[in-house]
Amino acid sequence: MRSGKAGKPRVKICGITNVEDALAAVEAGADALGFVFYEKSPRYVTVERAKAIVDRLPPFVERVGLFVDRTPLEVDLACAESGMSLAQIHFEVDESYLHALHTKALPVVRARCPEDVMNFAGRYRLVDAYCESYGGAGKRLNLEWFEGVDCSRIVLAGGLTPENVSEALAYGFYGVDVSSGVELEKGRKDPAKVEAFVRNAKGDTTCAP
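As the structure is a prediction and not an experimental result, all values here were calculated from the model.

Our next topic: the side chain of aspartate 76. By secondary structure assignment, the location of aspartate 76 is in helix α3 (residues 72–82). Despite being buried, aspartate 76 has no salt bridge partner; arginine 123 is the closest side chain of opposite charge, sitting 12 Å away. Reaching out from aspartate 76, the side chain makes a polar contact with the side chain of threonine 103 at a distance of 2.7 Å. Once residues within four sequence positions are removed from consideration, aspartate 76 is found in contact with Ala100, Leu101, His102 and Thr103.

Structural data, given as structure tokens:
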């Protein structure tokens, strides 16, 4: 049995590196944009670059900074300087780390098995497929792992595309997150794919393809 509230999930477009992609995603209806502050990622942006993009955004758009192997102080400083509203903690941490943050946090569960999706069950969390490169690899999670799980506090990531995101709608996820699935190349988005992803994620069949 699938569990969770049926409705339109929030949509996050991650790996934003330029103003054009950011504004196109917002125009398409994205609820949140993700900025990768992990130097080894091909989608890495500096704090200064992210701030320049954020300054061009309209109000009411969530700005999410992705961090790997950073202290709570480093995360807080980067978020404050870049204008992030949420910190996505994309490495293994415990509750004491999350409590040390002054920035609102979204822990990431890098799932290796079905039991992992219940990690941080009391929190809003992002569940991604495990890979060594910390996201953006396009590895897809098995949706069967979410059978019978309350997904109303889960943001689903990992291998999502405009073609397959609608398969997740029945599970009642709080949100869905995409990066490589809407790219022309690493670090550059395809506006048509972004628009199609948002439309299909929200189950909007009233718009022309």
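What follows covers the nonpolar core. Within the largest apolar cluster, 61 residues are counted, with the highest numbers of intra-cluster contacts made by Ile13, Leu33, Phe35, Ile89, Phe146 and Phe197. Leaving out residues up to four positions away in the same chain, phenylalanine 146 has contacts with Val117, Val127, Leu141, Cys151, Ile154, Leu156, Tyr171 and Phe173. The next biggest cluster of nonpolar side chains, apart from the first, holds eight residues, and it includes Val64, Leu106, Val155 and Ala157.

Turning next to the packing of aromatic side chains. Counted by the stated rule, this structure contains five aromatic pairs. Taken together, a centroid distance of 5.6 Å and an interplanar angle of 85° make the contact between phenylalanine 91 and tyrosine 97 edge-to-face. Tyrosine 97 shares its class with phenylalanine 91; the two are buried. Note on tyrosine 124 and tyrosine 174: the rings are 5.0 Å apart at their centroids and 65° apart in plane angle, and the pair reads as edge-to-face. Pair noted here: tyrosine 124 is in the loop between β5 (105–111) and β6 (125–129) and tyrosine 174 is in the loop between β7 (154–156) and β8 (175–178), with a separation of 50 residues, a long-range link. With a relative accessible area of 29%, tyrosine 174 lands in the partly exposed category.

Here the focus is the packing of helix α2 (residues 47–54) against α3. Packing of α2 against α3 brings their axes to within 8 Å, and their N-to-C directions diverge by 40°. With respect to α3, the element α2 is oriented oblique. Side by side, α2 and α3 meet where Val47, Ala50, Lys51 and Val54 of the first sit next to Ala78, Glu81 and Ser82 of the second. Counted by class, the contact of α2 with α3 contains four nonpolar, one polar and two charged residues.

Attention now goes to the pairing of strand β3 (residues 62–67). Summarising the sheet, strand β2 (residues 32–36) and β3 pair through five bridges and their orientation is parallel. By the bridge assignment, valine 36 is partnered in β3 with leucine 66. In terms of handedness, the path from β2 via α2 over to β3 forms a crossover that is right-handed. With four bridges joining them, β3 and strand β4 (residues 86–89) adopt parallel strand pairing. Note that in β4 the partner of valine 64 across the bridge is leucine 86.

You can see isoleucine 89 is positioned in strand β4. In sequence terms isoleucine 89 and glutamate 20 are 69 residues apart; their C-alpha atoms lie 26 Å from each other. Apart from residues lying up to four places away in sequence, isoleucine 89 is in contact with Phe67, Val75, Tyr97, Leu98, Leu101, Ala105, Leu106, Pro107 and Val108.

Along α3, the residues classified as buried are Pro72, Val75, Asp76, Ala78, Cys79 and Ser82. All buried residues of α3 project into a common sector of 165° when viewed along the axis, lining one side. Set apart from the buried face of α3 by more than 90 degrees, the exposed residues are Leu73 and Ala80. Residues of α3 that are buried in the fold lie against α2, β3, β4 and α4 (95–100). Of the residues trailing α3, glycine 83 is marked for its positive phi of about 85°.

Scoring rules and cut-offs
- Residues numbered from 1 in each chain as written.
- Predicted model: local features only at pLDDT ≥ 70, side-chain atom pairs only at ≥ 80, totals over all residues.
- Heavy atoms only, no water.
- Helix = DSSP H or I, 4+ residues; strand = E, 2+ residues; numbered from the N terminus.
- Buried < 20%, exposed > 50% of the residue type's maximum accessible area, 1.4 Å probe, protein only.
- Lys, Arg positive; Asp, Glu negative; His and termini not counted.
- Salt bridge = Lys/Arg side-chain N within 4 Å of Asp/Glu carboxyl O.
- Polar contact = N/O pair within 3.5 Å; in protein donor to acceptor, adjacent residues only side chain to side chain.
- Contact = heavy atoms within 4.5 Å.
- Core = buried A, V, L, I, M, F, W, Y, C linked by side-chain atoms within 4.5 Å.
- Phe/Tyr/Trp six-rings, centres within 6.5 Å; stacked < 30°, edge-to-face > 60°.
- Axes fitted to C-alpha atoms, helices over the stretch in contact; angles between N-to-C directions.
- Parallel < 35°, antiparallel > 145°, perpendicular 65-115°, else oblique.
- Nonpolar A, V, L, I, M, F, W, Y, C, P; charged D, E, K, R; others polar.
- Pairing = 2+ DSSP bridges.
- Right-handed = clockwise from strand over helix to strand, strands pointing away.
- Arc of directions from axis to C-beta.

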